[in-house]
Amino acid sequence: MRFGKTPVRVRLGIGWVVGACVALSGVAACGPATPGGTVEVFSWWTEGGEKASFEGLVQVFRTQCEDQRFVNGAVEGGAGGNARGVLATRLARGAPPDTFQAHAGGELSDYIRAGQLQDLSSDYAAWGLDRVLPRTLVESLRVDGKIYSVPVNIHRANLVWANPTVLAKAQIGRRTPPSIDAWIKDMKVLQSWGVEEPLALGTGWTQVMLLETVLLADLGPQRFRTLWRSPAQWRSRDVARAIAHYDALLDFTNADRDAIDWPESTALVTGLQAAYTVMGDWVPGTLDSEGLTLGTDFMWFPVPGTQGTFQFLSDSFTLPVGAKNPEGTKCWLRVVGSAQGQRVFNIRKGSIPARTDARPSDYSAYQQQAMRDWTRAELVPSLAHGSAASTGWLDDVTTAVSEFSVERDPLVLRRKLVAAAEAHTGR
Ligand code: GAL
């Protein structure tokens, strides 16, 4: 079956013939093929498992939307920091790509409120997406009753990836620490065994990830959620404690942290220089593409103190106002939301499909666990990956955290975090 208005090829025993018509995309589709066009897809998936999973999705697009040509508008850089800058310039110039990647939640709302996205509510109904996506997720895509993007996956952010060989060397074995304090103790043990920089860390956005998971550990899910509504929460003692923990953790990280992105910091763990890194579950996809095996070559556990909580983010694709080829783009979006597209993409990406009708046995043991956790755990949004707050708020926190990496003044960091919360909640 093909999507869009392209005639469907029907297998008739002796070969492929072109000619059958179907009503897809909510459009009566008999008649001549549309001339087609190009669909520029803007993302930041350019390396390792991310690139491979994205290519899988593109392959499905090529078969399902065969009169459309894919154009890769990807901009390199973990978590999309660089991509968002380029995108902002293009949106301001009125020259958007046909579709761009945006995180469900606060980040998406920014684009919606700026009037930059088209409403996809009726397409959702036509494509049956309203029946197969989890309500929590759809709510993070909706503004004023309308839905503006199609989610392809759900990632978990509050995870530690660890090297069992390095842990064994320090006689820690596969012990997973229950709290940040216990984790810090283990890092001291690792240092005493010669692992000088046990916690691998990268540039600004990865530091935001570490800080927000420590906040989650020290505040718990309930009060963590309040951070995004009430600036008063940022003044609390628990936030001060979390900043002190974060400051302590930085002492165990690599000196070049401000100069490297997540693939390099993860490589410090697999290369035996570090024991741990905090990162989302795009790690197994990439390590798998390097021939490493989860369970043997690397292991995972929730960030200490955040067990039972699933800090989520979701990658989604949009239809910008002013997109040159809306029909071709809708074919892309249908692929993004389809069972086949999500299976091909997520199997390699490490995330779980956004759709609820996926067959767990198609996925790795880790992903099957993530599917169970997604339905049972407490769900909280991620700041670093756009689900908790607006991009402006994230940018202010990233600047504060990057400055802290150099200045190391906890009081100043706290003041900046409070100021950011006040500025972005309007209080
Ligand atoms: C996130 C994105 C993930 C992954 C990660 C690292 O923002 O949602 O899919 O790409 O960045 O680049």
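Residues numbered from 1 in each chain as written. Predicted model: local features only at pLDDT ≥ 70, side-chain atom pairs only at ≥ 80, totals over all residues. Heavy atoms only, no water.

A few words on the overall build of the protein chain. Scanning the protein chain for helices and strands turns up 17 helices and 17 strands. Relative to a compact globule of 427 residues, whose C-alpha radius of gyration would be 22 Å, the protein chain shows 22 Å and is just as compact. Based on the C-alpha atoms only, the size of the protein chain along its principal axes is roughly 70 × 50 × 35 Å. Every one of the 427 residues in the protein chain was classed for burial, and the buried ones make up 57%. For the protein chain, long-range pairs separated by at least 24 residues make up 77% of all intrachain contacts whose partners lie at least 6 apart in sequence. If you sum the accessible surface of the protein chain, you get close to 17,000 Å²; carbon and sulfur atoms cover 52% of it. With 43 positive and 44 negative side-chain charges, the protein chain shows a spacing of 6 Å between the two charge centroids. (Helix = DSSP H or I, 4+ residues; strand = E, 2+ residues; numbered from the N terminus. Rg over C-alpha atoms; globule rule 2.2 N^0.38 Å. Buried < 20%, exposed > 50% of the residue type's maximum accessible area, 1.4 Å probe, protein only. Contact = heavy atoms within 4.5 Å. Areas by Shrake-Rupley, 256 points an atom, 1.4 Å probe, with all protein chains shown as cover. Lys, Arg positive; Asp, Glu negative; His and termini not counted. Charge placed at Lys NZ, Arg CZ, Asp CG, Glu CD.)

This part covers the environment of asparagine 72. The residue asparagine 72 is located in strand β4 (residues 68-72) in this model. Exposure remark for asparagine 72: the relative accessible area of 45% places this residue in the partly exposed category. Spatially, the C-alpha atom of asparagine 72 lies 6.6 Å from that of phenylalanine 42, the residues being 30 residues apart in sequence. Contacts of asparagine 72, omitting those with residues within four sequence positions, involve Val41 and Phe54.

Turning our eyes to something else, we now look at the pattern of salt bridges. If you walk through the whole model with that rule in mind, you get 18 salt bridges. Residue arginine 241 pairs with aspartate 218 through a salt bridge whose shortest N-O separation is 3.7 Å. Here aspartate 218 lies in helix α9 (residues 204-226) and arginine 241 lies in helix α10 (residues 237-250), a separation of 23 residues in the sequence. A single network of salt bridges, built from pairs that share partners, joins Asp247, Asp251 and Arg408. (Salt bridge = Lys/Arg side-chain N within 4 Å of Asp/Glu carboxyl O.)

Attention now goes to the side chain of serine 236. Residue position: serine 236 is located in the loop between α9 and α10. Engagement of the side chain of serine 236 in a polar contact is seen with the backbone oxygen of glutamine 233, the distance being 2.7 Å. (Polar contact = N/O pair within 3.5 Å; in protein donor to acceptor, adjacent residues only side chain to side chain.)

Time to look at the sheet that holds strand β16 (residues 352-353). Spatially, the 4 strands line up as an open sheet ordered β16-β9-β14-β17, and their pairing is mixed. Where the open sheet ends on each side, the last strands, each with one partner, are β16 and β17 (378-381). Pairing analysis gives 4 bridges linking strand β14 (residues 309-313) to β17, with the strands arranged parallel. Across the sheet, residue glutamine 311 finds its bridge partner in β17, namely valine 380. Strands in contact with α9 are β14 and β17; relative to β17, the strand with the most contacts, it is inclined by about 115 degrees. (Pairing = 2+ DSSP bridges. Axes fitted to C-alpha atoms, helices over the stretch in contact; angles between N-to-C directions.)

This brings us to the nonpolar core. With 127 residues, the main nonpolar core has Trp183, Trp234, Tyr276 and Trp332 as its most contacted residues. The greatest single-element share of this core, amounting to 11 residues, is contributed by α9. Those residues in contact with tryptophan 332 that sit more than four places away from it in its chain are Val39, Val41, Phe54, Leu57, Val58, Phe61, Cys65, Thr99 and Phe317. Listed in part, the 5 residues of the second largest apolar core include Ala200, Ile260, Leu268 and Ala274. (Core = buried A, V, L, I, M, F, W, Y, C linked by side-chain atoms within 4.5 Å.)

Summed over all chains, the structure comprises 1 disulfide. Shown here is the disulfide that connects cysteine 65 with cysteine 331, its sulfur atoms set 2.2 Å apart. Since a negative S-S torsion denotes a left-handed disulfide, the cysteine 65-cysteine 331 link at about -95 degrees is left-handed. In this pair, cysteine 65 is assigned in the loop between α1 (48-64) and β4 and cysteine 331 in helix α13 (residues 326-337), connecting sequence segments 266 residues apart. The exposure classification of cysteine 65 matches that of cysteine 331, with both residues buried. (Disulfide = S-S within 2.5 Å.)

Time to look at the site of the ligand. With respect to spatial proximity, 13 residues lie near the ligand, and among them Glu50, His103, Asp315, Lys349 and His385 are the closest. The separation between an oxygen atom of the ligand and a polar side-chain atom of glutamate 50 is 2.8 Å. For the ligand, an oxygen atom lies 3.0 Å from a polar atom in the backbone of alanine 79. Protein contacts shield 100% of the accessible area of the ligand, which totals 300 Å² for the unbound molecule. (Near = heavy atom within 4 Å.)

Let's shift gears to the sheet that holds strand β12 (residues 276-278). Taken in spatial order, the 4 strands line up as β11-β12-β10-β13 in an open sheet, and their pairing is mixed. Edge positions in the open sheet fall to β11 (199-200) and β13 (299-302), since each of these has one partner strand only. Here β11 pairs with β12 via 2 bridges, running parallel. Its bridge partner lying in β12, leucine 199 is registered against tyrosine 276. Against the sheet, helix α8 (residues 180-192) engages β10 (159-162), β11, β12 and β13, with an angle of about 145 degrees to β12.

This part takes up a negative patch on the surface. Judged by side-chain charge, Glu196, Glu197, Asp256 and Asp258 come together as a negatively charged surface patch. Examined against the element boundaries, glutamate 197 turns out to sit in the loop between α8 and β11. Judged by relative accessible area, glutamate 197 falls into the partly exposed class, the value being 32%. (Patch = residues over 30% accessible without salt bridge, like charges linked within 9 Å, V, L, I, M, F, W, Y side chains within 5 Å.)

Attention now moves to helix α17 (residues 410-425). If you check α17, its first and last C-alpha atoms are 22 Å apart, about what 16 residues at 1.5 Å a residue would give, namely 22 Å. Among the residues of α17, those classed as buried are Val412, Leu413, Leu417, Val418, Ala420 and Ala421. In the core, the buried residues of α17 are packed alongside α9, α10 and α16 (391-407). In the segment just after α17, glycine 426 is the residue with positive phi, at about 70 degrees. (Expected span 1.5 Å × (residues − 1).)

Our focus in this paragraph is unusual backbone geometry. Outside of glycine, negative phi angles account for most residues, and trans bonds account for most peptide bonds. The residue aspartate 144 is not glycine, and still its phi comes out positive at about 50 degrees. Considering the arrangement of structural elements, one finds aspartate 144 in the loop between β6 (142-143) and β7 (146-147). Given the relative accessible area of 72%, aspartate 144 is considered exposed.

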